[in-house]
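An overview of the molecular structure
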2 protein chains.
Amino acid sequence: MNLKKNSLHDHNSCRQKVMEAAKAYCEQKRLKLTPVREAVLNMLLNEHQALGAYEILEGLRVAGFSAQPPVAYRALNFLRDIGFVHKIEQLNSYIACYHPDMSHSPVFLICQSCNDITEKSIDRHKDEFSIMADETGFQITNLVLEAKGTCQACLANL
Amino acid sequence: MNLKKNSLHDHNSCRQKVMEAAKAYCEQKRLKLTPVREAVLNMLLNEHQALGAYEILEGLRVAGFSAQPPVAYRALNFLRDIGFVHKIEQLNSYIACYHPDMSHSPVFLICQSCNDITEKSIDRHKDEFSIMADETGFQITNLVLEAKGTCQACLANL
DNA sequence: ATATGATTTGTTATGTTATAACATTCACTA
DNA sequence: TAGTGAATGTTATAACATAACAAATCATAT
Ligand SMILES: [Zn+2]
Ligand SMILES: [Zn+2]
Ligand SMILES: [Zn+2]
Ligand SMILES: [Zn+2]
C-alpha cells in the first residue's frame, strides 16, 4: 500500500471514479469490461502503483480466476488499448491511468528511492519531441517518456 | 546490414572514429576496453542498428568468446555506463551511440516499418521534461525518450 | 430457437530477456 | 612474490512474454 499517495487524496473515491469511467467508456464503445478485465483494473487502482504481470496474475489466482500468463497479459493489453493502463517500459510493469479521459501522452517520474511513480501528461502534437519528429518527417504512433530519479520527498529525507 | 544508413555516410570512417573515441575515453578514465567489450562495441557499430543481448551473445560465440548471458550483459552494461551504448527500452535491444562525446539525453525515433532507429539528442536540463520534473522537485538521473512510428522514407513508399 | 461467426477465456507449452551466485583468472602494486 | 581488486567463466534460475489451439460464451440474423 502506498501511504504517500493515499495521504494526498481521497483515493477511494478517485479509484471509484476511474472504474466508473472505464465502465462508461466500454459501454459507449460496445467493448466488454469482463470480470477478468475489471479485476485487473481494480487491482491496479487499489495498489496505486506499478505491478508486474506476474503480480497481477497472482492476484487473479487469489481471486479465483485462471492464472496462466496469457490471462493476465490479455487483460492488460485490453486495458492498455483503451487507455486505462500504461506500461512502464523501464520496469516491465503496469500502472492504472487516473486521467484516461483526456487524450494524452503519459510522462512518468519514477523514484528509485521510494518506488513512487507520478504520471504527468503532455499535450500531444505540441511537445518538443513531436515537433522534432515532425521536422524529420517522422510520424509518431506511440511515445515513451520516462524519467528515473529521486522525488522531492525522498530528496528531503536524505 | 542497414543499407539506408550506409548510403547516407561513410560508415566505415564513422565507425572507426567512435571506436577511437571509446579507446581514448577509457584510457583517460583508467577504464579497460577489454577484448569482450571491444568486440561488443564493434558489433554494434558494424550493424548500425539495435541488437538484442542474445544476438550479441551469438556474435561473441562466433568470435570465440565465452557465450554465457552474463558475458554479454556485463559488456553491454559497461558500454552503457560510459555512454557508448544505449538501450532501447521498447525493444529490449541495444544500439551504439555515434556522438558519445557530448553529454546528451538520447531520443530515439523507431520506425515500425523498416526497423530503422534514428538517434536524436536533446540538451539535458533545457528540455521541457527536465523542466517539468524540476517544477515538482524531482531530480532526474536518467531519461528514456522513445517514439515509435513511421519514418519519412517509409511514409513516402506507402 | 437455433445456426453461425466472432470474441473471450482456458490451457499447455515454449520462447525471450536478465540476473544471482560463486569459482577462476588477470593485472597491478606493496 | 604475495596480496588486492577487477574482469571473466560458468552453472543455474528468475522474470517477462507469446504461440497455438481448444472450449466456452455472446451477438445476431435467419
Ligand atoms: Zn495516463
Ligand atoms: Zn521517492
Ligand atoms: Zn547517444
Ligand atoms: Zn522506416
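Residues numbered from 1 in each chain as written. Chains lettered and ligands numbered in written order. Predicted model: local features only at pLDDT ≥ 70, side-chain atom pairs only at ≥ 80, totals over all residues. Heavy atoms only, no water.

Residues and elements named next belong to chain B. Taken together, the protein donors to the zinc ion (ligand 3) comprise His 86 (NE2), Cys 97 (SG), His 104 (NE2) and Glu 119 (OE), at separations of 2.0 to 2.2 Å. For the zinc ion (ligand 3), the four donor atoms in the first shell make angles of 102 to 127° at the metal, a pattern classed as tetrahedral. Owing to a relative accessible area of 14%, His 104 belongs among the buried residues under this scheme. (Donors = N, O, S within 2.8 Å, 3.2 Å for Na, K, Ca; no water. Tetrahedral: all angles 85-135°; square planar, octahedral: opposite > 155°, others 65-115°. Buried < 20%, exposed > 50% of the residue type's maximum accessible area, 1.4 Å probe, protein only.)

Let us look at the relation of the copies chain A and chain B. In the superposition of chain A on chain B (RMSD 0.1 Å, axial shift 0.1 Å), the rotation amounts to 179°. On the angle and the small slide along the axis, the relation comes out as a two-fold axis. The C-alpha atom lying nearest the rotation axis in chain A is that of A:Leu145; the distance is 2.4 Å. In this assembly, 100% of the residues forming the interface of chain A have copies in chain B that are likewise at the interface, indicating an isologous arrangement. (Least-squares fit on C-alpha atoms with pLDDT ≥ 70 in both. Contact = heavy atoms within 4.5 Å.)

This paragraph deals with the sheet that holds strand β5 (residues 139-150) of chain A. What the six strands build is an open sheet, ordered β4(A)-β3(A)-β5(A)-β5(B)-β3(B)-β4(B); its pairing is mixed. Edge positions in the sheet fall to β4 (117-122) of chain A together with β4 (117-122) of chain B, since each of these pairs with one other strand and no more. For this sheet, the mean inter-axis angle between neighbouring strands, taken without regard to orientation, is 20°. Note: strand β3 (residues 105-111) of chain B against strand β5 (residues 139-150) of chain B, five bridges, orientation parallel. Paired with B:Val107 across the bridge in β5(B) is B:Leu145. Here helix α6 (residues 128-135) of chain B sits on the sheet and contacts β3 (105-111), β4 and β5 of chain A together with β5 of chain B; the angle it forms with β5(B), its principal contact strand, is near 140°. (Pairing = 2+ DSSP bridges. Helix = DSSP H or I, 4+ residues; strand = E, 2+ residues; numbered from the N terminus. Axes fitted to C-alpha atoms, helices over the stretch in contact; angles between N-to-C directions.)

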